[in-house]
Amino acid sequence: MITYDFSGRSAVITGGASGIGLATARLLASSGARVAILDVDGAEAEAAAGAIGENALGVGADVRASADVNAAVSRAAEQHGPADILVCCAGIAGRSLRTVEVDDAEWERVNAVNANGTFYAMRAVLGAMLERGYGRIVNVASVAGKEGNPMAAAYSASKAAVIGMTKSVGKDVAGSGVLVNCIAPAPVATPMVAGLTEEHVTYMLSRVPLARLATPEEAAIAICWLASDAMTFSTGAAFDLSGGRLTY
Ligand code: NAD
């Protein structure tokens, strides 16, 4: 089993009740961190935290609402101390639609969760990180944000936004002790992928040279490396976790 040393660290994971976020919360906690699981599904967040143990807290929060995010980050800080680590996993795939079928509400919904939510969470933790001169932020983008997937204009755009804001914020806070990076995964075996059409998943897998889905645990290992003190010389970077799909 892979472990890192996160003793004494406080971590906030958005979207931590399921999939990649849950696997990351588990690995952070088993490596010594206090973890706060923020999720729009508050009951699932509490259940996930309960299963992890006393060093975990579940908080209901909708990342589309900055006030919700700020309140949840404050609640986590009251119990665990200010966040040393933020992992932004909250995200939705949206519906598999041809561009002409995407209505305004669908476009806005996907971008509100994936792009706005990531920005609100970063902004919520950054002030305290900068004051203390330490922080690790890891955002979860996607291969779709680099290459664009068909039937996924809103999702691809929102993930390109995550990569863009990671690059910007990483430079904005460079030298402060806070490092900001993201991962760009190819399909990972989570409930999100289970909800996509077969056509959509077949297309995505056909582009992956390693020809399989990643596991949430594989994603968590990459995230935890970027969230750890082993990472010292990358910021504003996008790391591929794509089974060979991405080449730039
Ligand atoms: P998942 O559906 O298993 O988990 C996503 C979590 O985010 C859920 O617990 C959900 O309740 C939460 N969430 C959704 N909307 C929210 C909101 N408004 N506020 C707070 N929480 C919210 O999905 P996953 O596959 O683990 O995805 C995690 C991240 O990884 C997402 O950002 C996704 O886009 C990204 N990603 C996933 C894949 C994949 O193939 N699974 C590939 C690349 C990137």
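See the structure above.
Residues numbered from 1 in each chain as written. Predicted model: local features only at pLDDT ≥ 70, side-chain atom pairs only at ≥ 80, totals over all residues. Heavy atoms only, no water.

## Overview of the sheet that holds strand E5 (residues 135–140)
Heads up, the condition is: In short, DSSP must find at least two bridges between two strands for them to pair. Secondary structure follows DSSP: runs of H or I at least 4 residues long count as helices, runs of E at least 2 residues long count as strands, and numbering of each begins at the N terminus. A fitted line through C-alpha atoms serves as each axis, taken over the contacting stretch for helices, and the angle formed by two N-to-C directions is quoted from 0 to 180°.
Ordered in space as E3-E2-E1-E4-E5-E6-E7, the 7 strands form an open sheet in which the pairing is parallel. Edge positions in the sheet fall to strand E3 (56–60) and strand E7 (237–241), since each of these pairs with one other strand and no more. Each adjacent strand pair in this sheet contributes to an overall mean axis angle of 20°, direction not counted. Pairing of strand E1 (residues 10–14) with strand E4 (residues 85–88), which is carried by 4 bridges, proceeds in the parallel orientation. Bridging from a neighbouring strand, Ala 11 pairs with Ile 85 of E4.

## With respect to the packing of helix H3 (residues 66–80) against helix H4 (residues 104–132)
Threshold: Small angles under 35 degrees read as roughly parallel and large ones over 145 as roughly antiparallel, with 65 to 115 read as roughly perpendicular and the rest as oblique. Crossings are classed by handedness, with left-handed meaning an anticlockwise turn of the near helix from the far one by less than a right angle and right-handed meaning a clockwise turn. Contact criterion: two residues are considered in contact whenever any of their non-hydrogen atoms come within 4.5 Å of each other. All residues other than Ala, Val, Leu, Ile, Met, Phe, Trp, Tyr, Cys, Pro, Asp, Glu, Lys and Arg, Gly among them, are scored as polar; the first ten of these are nonpolar and the last four charged.
Contact geometry for H3 and H4: axes closest at 9 Å, N-to-C directions at 40°. The orientation of H3 relative to H4 falls into the category oblique. Judged by the sense of rotation from one axis to the other, the crossing of H3 with H4 is right-handed. Contact residues: H3 offers Ser 66, Val 69, Asn 70 and Val 73, while H4 offers Tyr 120, Ala 121, Arg 123, Ala 124 and Val 125. Here the contact of H3 with H4 is built from residues that sort into 6 nonpolar, 2 polar and 1 charged.

## Examining the layout of surface pockets
For clarity, the threshold we go by: With a 1 Å grid spanning the protein atoms alone, the term cavity applies to any set of points in which a 1.4 Å probe fits but cannot get out, the term pocket to an open set with protein on both sides within 12 Å along at least five of seven lines, and the term lining residue to any residue with an atom within 4 Å of a point. Grid points are joined across faces, edges and corners, and a volume is the space filled by probe spheres set on the points.
Estimated volume of the largest pocket: approximately 820 Å³. Cys 89, Ala 90, Gly 91, Ile 92 and Met 192 are, among the 38 residues lining the largest pocket, the residues nearest its centre. Counting only elements with at least two residues in the lining of the largest pocket, the list comes to helix H1 (19–30), strand E2 (34–39), helix H6 (153–172), helix H7 (191–194) and helix H8 (198–206). Residue classes in the lining of the largest pocket are distributed as 24 nonpolar, 10 polar and 4 charged.

## Thoughts on the site of the ligand
Note the threshold: Proximity criterion: a residue is near a molecule or strand once any of its heavy atoms comes within 4 Å of it. Two N or O atoms form a polar contact when they lie within 3.5 Å of each other; inside protein one atom must be a possible hydrogen donor and the other a possible acceptor, and for residues adjacent in sequence the pair counts only when both atoms belong to side chains. Per-residue accessibility takes into account occlusion by the displayed protein chains alone, with areas from the Shrake-Rupley method and a 1.4 Å probe.
The local shell around the ligand holds 29 residues, among which Ser 18, Asp 39, Tyr 155, Val 188 and Thr 190 are the closest. In this structure, Val 63 approaches the ligand through a main-chain N or O atom, which is 2.9 Å from a nitrogen atom. Contacts to the ligand include Tyr 155, whose side-chain N or O atom sits 2.7 Å from an oxygen atom. Its free accessible area being 820 Å², the ligand has 91% of it covered by the protein chains.

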